[in-house]
Amino acid sequence: MSTKRARPMRKPVAHTPVWVGPAAIAAVLAVVVATFLVIRWYTTPITPTPPSVDTTQQVVSQITSLPASEFESVGQGTANNLIKPVTGTPLTGATGKPEVFYLGGEFCPYCAAERWPLIVALSRFGTFSGLQATSSSSTIEFPNTPTFTFRNATYTSQYVDFRGVESSDRDRNPLQSPTAAEQQLFNRYDTQGTIPFVDLGNRYAFVGSMYLPGALAGKSWQTVANDLQDPSSVRAKAIIGSANLLTAAICKMTSDQPAAVCSSVTIQTLEKKLG
Amino acid sequence: MARAQLAAIALSLAGVGVSLYLTLLHFSGVAPTCPVSGAINCEAVLSSSYAVIAGTSVPTSAAGIVWFGASALIWGWRSDPLHLAWSAIGLLAVVYLVFIEIVRLGVICLWCTAAHFLVVAIVMIAVTLSLRGRGLGRGA
C-alpha cells in the first residue's frame, strides 16, 4: 500500500458568467419600469367626461355669481402673484376698450388652471357666453385638469374687451392663431415662449398659472364650483385668490370702474401690491 | 485599446450625438422627427416643464451632452472605479427621467429612450468589467 500522501486538489474557481451582470441590470430596470407603470395607473385621474351643456351653464353661472363677501374673505389666498408691470402702447380691443389678451392651449394644464380665475375675474366686469367644459391633455403633467375653453366663447363688457386664443386643442392639434400684433406681444413679454400668456391692457402681463393645477386633480367641474362657495377651501384660496389679483390689475386698466368691484378693501390693497 | 473600452467610447459619442440633436431642436423650436402614437410622443415630453433643468432655461438634453462627453473621456482612461461611478450617476439620471416620462407625463420620447439605452449599455459594460475583476488592462 502506498504511503504517498494524496496531493490536495485545488478547489475549482467559480467564474461568474459574463451575462450575469447585464442580465441583473436588465431585470432590475424591468422591475423599476413596471413599478412606474403601476404608479402611473394608480395616480392618473381617469379622463373626466365633460358635463352636459346645461350642467356647464349651471357651473359657469355658479362661479360667475359669487358674492362680494367671498372675494373679501379670501383676499390673495394662496395665489402666487405673477403679474408684472410692463410698458407699451395701451392694448385696446375691438370695441376700443382696454383689452385682456389670453394665449393658451387646451392641452396645457397651467392654462386649464388659469382659466378658472380669468373667468371669475372677468365676469365681475362683464359676461361670458359659449364657454365649454374640457380638460387638459391626458398625456402631460397634471393630466385631465378640469377647465373651460375659450375657443368658442364670447365676452361682452362695458369696461374691458377680452380676446382668448387657444393655439391647440386637447390633443395638441393646431386650433387658433394669434394675430401678428398679438404674436409680437407674446414674443416681447414671454421670452420663454411658454403658455398661458396673459396681457392686461399692456399695463401688466404674466406667464403661467398663479396656482398649481394639482389643486384641481381628480375634481369634477361641479365640485370645483361648489368648493368656491367655501372661502376656506383649497380651491377657493387658489382660484379666488388668483381672481382677486386679476381683478386688481383689470381695475387699474379701467381706472377703478366699476366702483362696486374696484373700491373694495381687498382690491385696493392688491392694486397697491401690483404697483 | 480593449474592445469593451472602444465600445463604451462609441456608445458615449453616439449619446453626445443624440443629446446634441435634442438640444438643437430645443433652441430652434422645431419638433423632433418622432412618431406620435398613443404613449409615444416626443414633443409632449420635450415641451413639458421637465424638458429644462429646474429653475433654468437649460434643456435637460444639455446635461446629456455633458454626461456622454465626460463618459467618452473617462473611458479613455483605465479606471474601473471611475467607470463604475460615472455609469451609476448616469443610471440614476435615467431612472429619474423614465419616472418623469411614465409617471408624470404618461408618454415616452423615443429620442430620449435611445439616449437612455445608450447609458444602460455603458453601465452594462462597466458592471461586466467590474465583475470580471480584471479590468481593461488585462484585455477585457
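Note that this is a predicted model, so its numbers are computed, not measured.

### A short note on the environment of Gln268(A)
Residue and element names in this part refer to chain A.
At step 1: Note on placement: Gln268 falls in helix α9 (residues 265-274).
At step 2: In this structure Gln268 comes out as partly exposed when scored by relative accessible area, which is 26%.
At step 3: Separated by 46 residues in sequence, Gln268 and Gln222 place their C-alpha atoms 31 Å apart.
At step 4: With near-sequence residues (within four places) excluded, Gln268 lies in contact with Asp256, Cys262 and Ser263.
At step 5: Within the structure, Gln268 has its side chain in polar contact with the backbone oxygen of Cys262 (distance 2.6 Å).

### A look at the interface of chain B and chain A
At step 1: Opposite the 25 residues of chain B that make contact, chain A presents 20 residues.
At step 2: For the pairing of chain B and chain A, the buried interface totals around 1,800 Å² over both sides, and the portion due to carbon and sulfur atoms is 72%.
At step 3: Taken as a group, Ile102(B), Val103(B) and Met124(B) account for 27% of the area that chain B buries against chain A, more than any other trio of residues on that side.
At step 4: Counting across the interface, chain B meets chain A through zero salt bridges.

### Side note on the nonpolar core
At step 1: Judged by nonpolar contacts, the single largest core of 60 residues is most densely connected at Ile83(A), Val100(A), Trp116(A), Leu122(A), Phe148(A) and Leu200(A).
At step 2: Here the element with the most residues in this core is helix α7 (residues 234-253) of chain A; it accounts for twelve residues.
At step 3: For Leu200(A), the contacting residues outside a window of four places in its chain are Ile83(A), Glu99(A), Val100(A), Phe206(A), Leu246(A), Ala249(A), Ile250(A) and Met253(A).
At step 4: In terms of nonpolar packing, the next biggest core, distinct from the first, is built from 36 residues, Cys42(B), Cys109(B), Val119(B) and Ile125(B) among them.

### Description of the confidence of the model for chain B
Residues and elements named next belong to chain B.
At step 1: Mean pLDDT for chain B: 87, with 93% of residues reaching 70 or above.
At step 2: Mean pLDDT values for the elements of chain B range from 83 in helix α2 (residues 42-46) up to 95 in helix α3 (residues 60-74).
At step 3: Ignoring residues within four places in sequence, the model shows residues 135-140, a span with pLDDT below 50, making 20 contacts including any to other chains.
At step 4: ipTM for the predicted complex: 0.86, alongside a pTM of 0.76.

### Brief notes about the state of the cysteines
At step 1: Scanning the model with the defined rule gives three disulfides over all chains in all.
At step 2: The disulfide that involves Cys108(A) links it to Cys111(A), with 2.3 Å between the sulfurs. With the S-S dihedral at roughly 90°, the linkage between Cys108(A) and Cys111(A) falls on the right-handed side.
At step 3: Bridging Cys109(B) to Cys112(B), the disulfide has an S-S length of 2.5 Å.

### Points about the packing of aromatic side chains
Geometrically, a pair of aromatic rings is defined through the distance of the ring centres and the angle of the planes.
Residue and element names in this part refer to chain A.
At step 1: Under the counting rule described, the total for this entry stands at 14 aromatic pairs over all chains.
At step 2: Ring geometry for Tyr110 against Phe142: centres 5.8 Å apart, planes inclined by 85°, an arrangement best described as edge-to-face. Linking Tyr110 in helix α4 (residues 109-122) with Phe142 in the loop between β4 (132-135) and β5 (146-149), this pair joins segments that are 32 residues apart in sequence.
At step 3: An aromatic cluster of three or more residues is present, and its members are Tyr102, Phe128, Phe150, Tyr155 and Phe162.
At step 4: A cation over a ring is seen here: Arg124 above Phe71, with NZ or CZ 3.7 Å from the ring centre.

About the cut-offs
- Residues numbered from 1 in each chain as written.
- Chains lettered and ligands numbered in written order.
- Predicted model: local features only at pLDDT ≥ 70, side-chain atom pairs only at ≥ 80, totals over all residues.
- Heavy atoms only, no water.
- Helix = DSSP H or I, 4+ residues; strand = E, 2+ residues; numbered from the N terminus.
- Buried < 20%, exposed > 50% of the residue type's maximum accessible area, 1.4 Å probe, protein only.
- Contact = heavy atoms within 4.5 Å.
- Polar contact = N/O pair within 3.5 Å; in protein donor to acceptor, adjacent residues only side chain to side chain.
- Buried area = accessible area lost by both parts, 1.4 Å probe.
- Salt bridge = Lys/Arg side-chain N within 4 Å of Asp/Glu carboxyl O.
- Core = buried A, V, L, I, M, F, W, Y, C linked by side-chain atoms within 4.5 Å.
- pLDDT = per-residue confidence, 0-100.
- Disulfide = S-S within 2.5 Å.
- Phe/Tyr/Trp six-rings, centres within 6.5 Å; stacked < 30°, edge-to-face > 60°.
- Lys NZ or Arg CZ within 6 Å of the ring centre and 35° of its normal.

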